[in-house]
Amino acid sequence: MSDHETSKPGGPSEAEPTPGVSRRAMLGGLSGLALAAGLPARGTKPADAAAGDPRLARAYAVRTQAAAKLLGRGPTQHRANGDEELYPDRAACFTKGLPHDEAGRVNPDSYRMYLRAIETGEQEAFHLLHLDAAARLANPQAAWAYDLIGPDASQPTVPAAPRLDSAEQAAEMVELYWQAELRDVPFSAYGRHPLAQAAASELGGLSGFRGPRRDGVVTADTLFRGPFAGDLVGPYVSQFLWHPMPWASIVVRPKTKTTAPGLDYLADYGDWLATQCGGMNGSNNFDGEDRYIRTGRDLGEYVHRDISFQPFLGACLVGFRLGCVVDKANPYFLSRSETAFITHGAPFLFYLLGVVTQAALKACWYQKWRVHRRLRPEELGGRLEAHRRGLAELAVHADLTSSRSLARVVERTGTSLLTQAYPEGCPLHPAYPSGHAVIGGACATAVKTFLDESYPIPNPVVASEDGLSLEPYRGPELTVGGELDKLASNLAFGRNFAGIHWRSDGAEGLRLGEEVAIAVMEELATTTPEAFAGYRLRRFDGREVTIG
C-alpha cells in the first residue's frame, strides 16, 4: 500500500499572498504597506493612525510582513504511512491510555472517539474519551494551537514514518533492543565490549538500518550515535553536558542523579498491559552516587528530568564560561562604541531559546496527533509478545523476528517486551517526531546564530567509566558547532536509551526543529535596527546559510 496524503486541517488558505515589504523600507521610514493598512485604533481611521505615529506604523509594518511571509509559505500536504487504515485493530498506532483487551488490542469504540476528538479539536470531545485509571493524554489540543511568531504549526513537515512491516522499522526495533541491553555499559567501553561488537555487527547487516557508518561500516564507535558529522567526532556525550556551568555566582558541577544499574521496567506482560491502560509500574530507584553522564542509562535519566530548553540554556552558560566567541556576523562584533545586549546579546539569545522551543513544539504536536499517530516502541514490544503467545496476529519484517537481539531478549527475560528505563514507560502522546529532538534541533540552530561554530572547545574532557570524575580528552579537535549538534542528538537519542522513541523520531525531529527555528529567525531579523548581513550558521546537513 503506498503512502497517502492528508491535507492539513485548518491550514492557511490558498489565496494570493499579501505582498511583503523590504527590511530597508521598514527600518528606514513609513512603508507603503503601513501607510495603506495603518494601525487600527478606536474612533480613528487606519490610515490616519499610521500617519499620526511613524513608530507605530513601522511596528505594524514589521508584523504585517511576518503575516505575509506566513501566507507566502502556503499550505503543506503531509504524508502519513497508511498504517492506520491498513491495520483495523490499530496495531501500528499509538493507543496507550485507552482501554485494551488481554491481547493488548485497543477498544475500537474508544479509538473512534479518540480519532473524532483529534479531528475536531473540540475540548468536549476529549472530555468524553474513555481513559483507564489515571491516564491523561499529553495536551493533544496543542495540535490546534496557533502562534504569532514563525510558521504556522501546519506548515513544516516530516516524511512519512517507516511502515510497521518495513525493513527500516525492523532495524529500529533491533537497535532499541541492543540499546536496552547496553544501558549500563559506559560509552567509552563500547570498543572492547562483546555486546557492543555484536550490536554493531547485526545492525551493519540490516538493509533498513539508517544509523551512521564509518567507511560504510557500523562499528562500536558509531553505535547509537546521531546522524550528523559532529556526532561522530570525539566522545559520545557533548562537552556542554560535562563542563561546569555558572549559575549567577554559583558554579554547578554537572553530575547527575542517575538511577541504579540493572533496574528496568515492563519486563512482565501483565505489567505491560496495565501500563497500556494507564497504570503505573513502580518508581525509580536511584544510584547512591551522583555521576557524570557516561552510560545510556545516565543519559536516559538526564532527559527524563530536563525541562524544555534547559540543556541549551546550560550550553550557553558553559560556552560563555569557556570563552567561546560571538559569531563574526554579529553586528556588534567589531563595534568600537557599543556592546550587544537586548538586541544581538545574551538576553536576546536566551529569549530565542524559549521562542523557538514553543514554535517547534507546536509543529511537533501537529505532526504527532493530526498526521502520524505512530506507536511507541514499548507498544510494539507488547504486540510482539502477544503474537508470540498466540493472542493476536502481527505482520512485521523478518529482520526483526529473526534478529539476534530479539532472541537474546526472549532468552534473558522470557518475553519479547522492550524493557523500559522509566517505571511509567513512554509518555501519553504519539512517537513521531520526538519532542526532545525538535527542541534540540531548534535550540542548536538558535545558538549557532550567536556563537562562532568553528571555535575549538578549550580543555575538552571525558567522563571516567565509573562516572565519578572527568579526565582530559585527547583526540580530534572538538568545535562549538560540532558539540552543539552532538548535544541536540544526545537529547534525542537519550530518549531511545530509555526505550521510548525510535531512531527516525529523533533524526526527523531534529530536522523539523531546525526548519522551524530558521523560519522564526527570518522573522526576527526584521525586528532590530542594526545594519547587518544576517545570521549565519551551518545546518545539520553541512550547508552554510545566512538568515535575514
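Residues numbered from 1 in each chain as written. Predicted model: local features only at pLDDT ≥ 70, side-chain atom pairs only at ≥ 80, totals over all residues. Heavy atoms only, no water.

**Student:** Outline helix 16 (residues 404–413), listing residues and values.
**Tutor:** Helical periodicity: at 3.6 residues per turn, an α-helix aligns residues three or four positions apart in one direction. Listed in full, the buried residues belonging to helix 16 are Ser405, Leu406 and Val409. In an axial view of helix 16, the angular spread of the buried residues amounts to 95 degrees, which keeps them on one side of the axis. Those residues of helix 16 that are buried lie in contact with helix 8 (167–181), helix 9 (194–204) and helix 15 (398–401). Phi turns positive, to about 80 degrees, at Gly414, one or two residues after helix 16. (Buried < 20%, exposed > 50% of the residue type's maximum accessible area, 1.4 Å probe, protein only. Helix = DSSP H or I, 4+ residues; strand = E, 2+ residues; numbered from the N terminus. Arc of directions from axis to C-beta. Contact = heavy atoms within 4.5 Å.)

**Student:** Talk me through the nonpolar core; I want residue IDs and the actual numbers.
**Tutor:** Tyr190, Leu223, Phe312 and Leu380 are the most contacted members of the largest nonpolar core, which has 134 residues in total. Tallying contributions element by element places helix 13 (residues 346–372) first for this core, with 12 residues. Once you skip the residues sitting within four places of it in the chain, Leu223 turns out to touch Leu182, Tyr190, Ala196, Ala199, Ala200, Leu203, Val218 and Tyr236. In terms of nonpolar packing, the next biggest core, distinct from the first, is built from seven residues, Ala103, Trp272, Ala392 and Leu417 among them. (Core = buried A, V, L, I, M, F, W, Y, C linked by side-chain atoms within 4.5 Å.)

**Student:** Pulling in residues and values, what's your account of the packing of helix 9 against helix 16?
**Tutor:** Close contact between helix 9 and helix 16 brings their axes to 10 Å; oriented N to C, the two are set at 140 degrees. It follows from the interaxial angle that helix 9 and helix 16 lie oblique. Each of Leu195, Ala198, Ser201 and Glu202 in helix 9 lies in contact with helix 16, whose residues at this interface are Arg404, Ser405 and Arg408. For the contact of helix 9 with helix 16, the class distribution of residues is two nonpolar, two polar and three charged. (Axes fitted to C-alpha atoms, helices over the stretch in contact; angles between N-to-C directions. Parallel < 35°, antiparallel > 145°, perpendicular 65-115°, else oblique. Nonpolar A, V, L, I, M, F, W, Y, C, P; charged D, E, K, R; others polar.)

**Student:** Describe the pairing of strand 8 (residues 544–547), and please don't skip the residues or the numbers.
**Tutor:** Side-chain alternation along strand 8 places Val545 and Ile547 on a buried face and Glu544 and Thr546 on a face that remains uncovered. Here strand 7 (residues 535–538) pairs with strand 8 via four bridges, running antiparallel. Across the sheet, residue Arg536 finds its bridge partner in strand 8, namely Thr546. (Pairing = 2+ DSSP bridges.)

**Student:** Which residues make up the packing of aromatic side chains, and what are the values?
**Tutor:** What characterises a pair of aromatic rings is the spacing of the ring centres plus the angle enclosed by the ring planes. Scanning the entire structure with this criterion turns up 15 aromatic pairs. The ring of Phe286 is capped by Lys257, whose NZ or CZ atom sits 5.2 Å from the centre of that ring. Its end group placed over the ring of Trp144, Arg370 keeps NZ or CZ at 3.5 Å from the ring centre. (Phe/Tyr/Trp six-rings, centres within 6.5 Å; stacked < 30°, edge-to-face > 60°. Lys NZ or Arg CZ within 6 Å of the ring centre and 35° of its normal.)

**Student:** Give me the pattern of salt bridges: which residues, what numbers.
**Tutor:** In total, this model carries 34 salt bridges according to the counting rule given. Across the pair Arg183 and Asp264 runs a salt bridge whose closest N-O atoms are separated by 2.9 Å. With a gap of 81 residues between them, Arg183 in the loop between helix 8 and helix 9 and Asp264 in the loop between strand 4 (250–252) and helix 10 (269–276) connect regions that are remote in the sequence. When its relative accessible area of 0% is taken as the criterion, Arg183 is described as buried. Arg389 is the partner of Glu385 in a salt bridge, and the nearest nitrogen-oxygen pair spans 2.6 Å. (Salt bridge = Lys/Arg side-chain N within 4 Å of Asp/Glu carboxyl O.)

**Student:** Hey, could you go over a negative patch on the surface for me, with residue numbers and the actual values?
**Tutor:** On the surface, Glu289, Asp290, Asp466 and Glu471 cluster together into a negatively charged patch. Examined against the element boundaries, Glu471 turns out to sit in strand 6 (residues 470–472). (Patch = residues over 30% accessible without salt bridge, like charges linked within 9 Å, V, L, I, M, F, W, Y side chains within 5 Å. Areas by Shrake-Rupley, 256 points an atom, 1.4 Å probe, with all protein chains shown as cover. Lys, Arg positive; Asp, Glu negative; His and termini not counted. Charge placed at Lys NZ, Arg CZ, Asp CG, Glu CD.)

**Student:** Go over a nonpolar patch on the surface, please, and point to the residues and values.
**Tutor:** Nonpolar side chains collect at one region of the surface, where Trp247, Ile250 and Val252 lie side by side and expose about 280 Å² of accessible area between them. Its location among the elements puts Ile250 in strand 4.

**Student:** I'd like a description of the confidence of the model for the chain, backed by residues and values.
**Tutor:** When the pLDDT values of the chain are averaged, the result is 91; 91% of them are 70 or greater. Between residues 1–42, whose pLDDT stays under 50, and residues either more than four places distant or in other chains, the model counts 93 contacts. (pLDDT = per-residue confidence, 0-100.)

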